[in-house]
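# Structure assessment
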Amino acid sequence: MSASLPEDTGPLPHRIGEPIVTMEHVQKHFGDLHVLRDINLEVAKGEVVVVLGPSGSGKSTLIRTINRLETIDSGTITVDGKELPSEGKELARLRAEVGMVFQSFNLFSHKSILENVTLGPTKVRKLSKAEAEKEGMQILERVGVANQAQKYPAQLSGGQQQRVAIARALAMKPKVMLFDEPTSALDPEMVQEVLDVMVGLARQGMTMLVVTHEMGFARKAANRVVFMDEGQIIEEAEPQAFFTSPTSDRARDFLSKILPR
């Protein structure tokens, strides 16, 4: 791992400021299926929010609406005080402010690792190639794969590719990072290297909204856990409170199935 990541000592810092993402009365259907039911959620600057819940509960759809990969039927979503635009240049500008890391790595297979990381900054941010490469190498160093910069995605392990995907998102200097099951496609031995990078980002004050099944990450890195079921937010709490004394029957049932007895 990159030596630049902070050591795992003590609780995470709570550098939490004004809301950067606000969802109000958000509704979303896929045909007859009501996948988001009156969602109200705020994520503050510097906060790490982990979204948990059973499969099909609406977690991934929720975060995909924040950069409009999914449209909503009604309600409002604002990012850094601006309502989500529906299309055009304003939407492209917003997506540059909101980093997204998916289950699959979505890297360009015909471009080197460094080229994958510098593409956005040169095309969207209009950085010079030299400046983008300098910053790109610093970010690759930060996530621990700088020595792979000239290789192609197929030459890297899954864990390395996902760290490159994180670096690519960071290269755009986003105000918030969205993670949609970032470790679910990885072999078990590769999961921890990606989670370590994410914990490092949390310690450095990155605003993050994370959908994951990794309970250890939720306990360690989250400021707040949001539990969803059947398209609704059922409860929100600090990790310690959620994992030791959930208030809803649905959360208790969920935890009883996934936590060791």
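Please refer to the structure higher up on the page.
Heads up: these notes are all about the structure in this document.

What counts and how
Residues numbered from 1 in each chain as written. Predicted model: local features only at pLDDT ≥ 70, side-chain atom pairs only at ≥ 80, totals over all residues. Heavy atoms only, no water. Helix = DSSP H or I, 4+ residues; strand = E, 2+ residues; numbered from the N terminus. Contact = heavy atoms within 4.5 Å. Pairing = 2+ DSSP bridges. Axes fitted to C-alpha atoms, helices over the stretch in contact; angles between N-to-C directions. Salt bridge = Lys/Arg side-chain N within 4 Å of Asp/Glu carboxyl O. Buried < 20%, exposed > 50% of the residue type's maximum accessible area, 1.4 Å probe, protein only. Phe/Tyr/Trp six-rings, centres within 6.5 Å; stacked < 30°, edge-to-face > 60°. Lys NZ or Arg CZ within 6 Å of the ring centre and 35° of its normal. Parallel < 35°, antiparallel > 145°, perpendicular 65-115°, else oblique. Left-handed = near helix turned anticlockwise from the far one by under 90°. Nonpolar A, V, L, I, M, F, W, Y, C, P; charged D, E, K, R; others polar.

A separate point is the environment of isoleucine 233. Positionally, isoleucine 233 belongs in strand β10 (residues 232–237). Sequence spacing of isoleucine 233 and glutamate 135 is 98 residues, and the spatial spacing of their C-alpha atoms is 38 Å. Setting aside chain neighbours within four positions, we find isoleucine 233 in contact with Ile39, Asn40, Leu41, Val226, Phe227 and Met228.

Ordered in space as β6-β7-β8-β3-β9-β10, the six strands form an open sheet in which the pairing is mixed. Taken across any chain shown, the strands that pair with only one partner, and hence form the sheet edges, are β6 (98–101) and β10. Neighbour-to-neighbour, the strand axes of the sheet open up by a mean angle of 20°, direction not taken into account. Strand direction decides the pairing type here: strand β3 (residues 48–52) and strand β9 (residues 224–229), joined by four bridges, are parallel. Residue pairing across strands places valine 49 opposite arginine 224, the latter belonging to β9.

Attention now goes to the pattern of salt bridges. According to the stated counting rule, one finds 14 salt bridges in the structure shown. Between lysine 175 and aspartate 80 there is a salt bridge; the shortest N-O distance is 2.6 Å. Taken together, the positions of lysine 175 in the loop between α5 (158–170) and β7 (176–180) and aspartate 80 in the loop between β4 (74–79) and β5 (82–83) put the pair 95 residues apart, joining distant regions of the chain. Since its relative accessible area comes to 35%, lysine 175 is described here as partly exposed. Among the residues examined, aspartate 80 registers a relative accessible area of 28% and is labelled partly exposed. One network of salt bridges, in which partners are shared, links Lys45, Asp80, Glu97, Arg125 and Lys175.

Before going further, it helps to spend a moment on the packing of aromatic side chains. Here the structure, examined in full by the defined rule, presents three aromatic pairs. An aromatic cluster is built from Phe227, Phe242, Phe243 and Phe254, whose rings are joined through pairwise contacts. Positioned above the aromatic ring of phenylalanine 243 is the side chain of arginine 219, whose terminal nitrogen or guanidinium carbon lies 4.4 Å from the ring centre.

Quick look at the packing of helix α3 (residues 113–123) against α5 now. At their nearest, the axes of α3 and α5 sit 8 Å apart, and the two run at 25° to each other. When the axis of α3 is compared with that of α5, the two are roughly parallel. Between α3 and α5 the crossing geometry is right-handed. For the pair α3 and α5, contact is made by Ile113, Asn116 and Val117 and by Val164, Ala167 and Arg168, respectively. Grouping the constituent residues of the contact of α3 with α5 by class yields four nonpolar, one polar and one charged.

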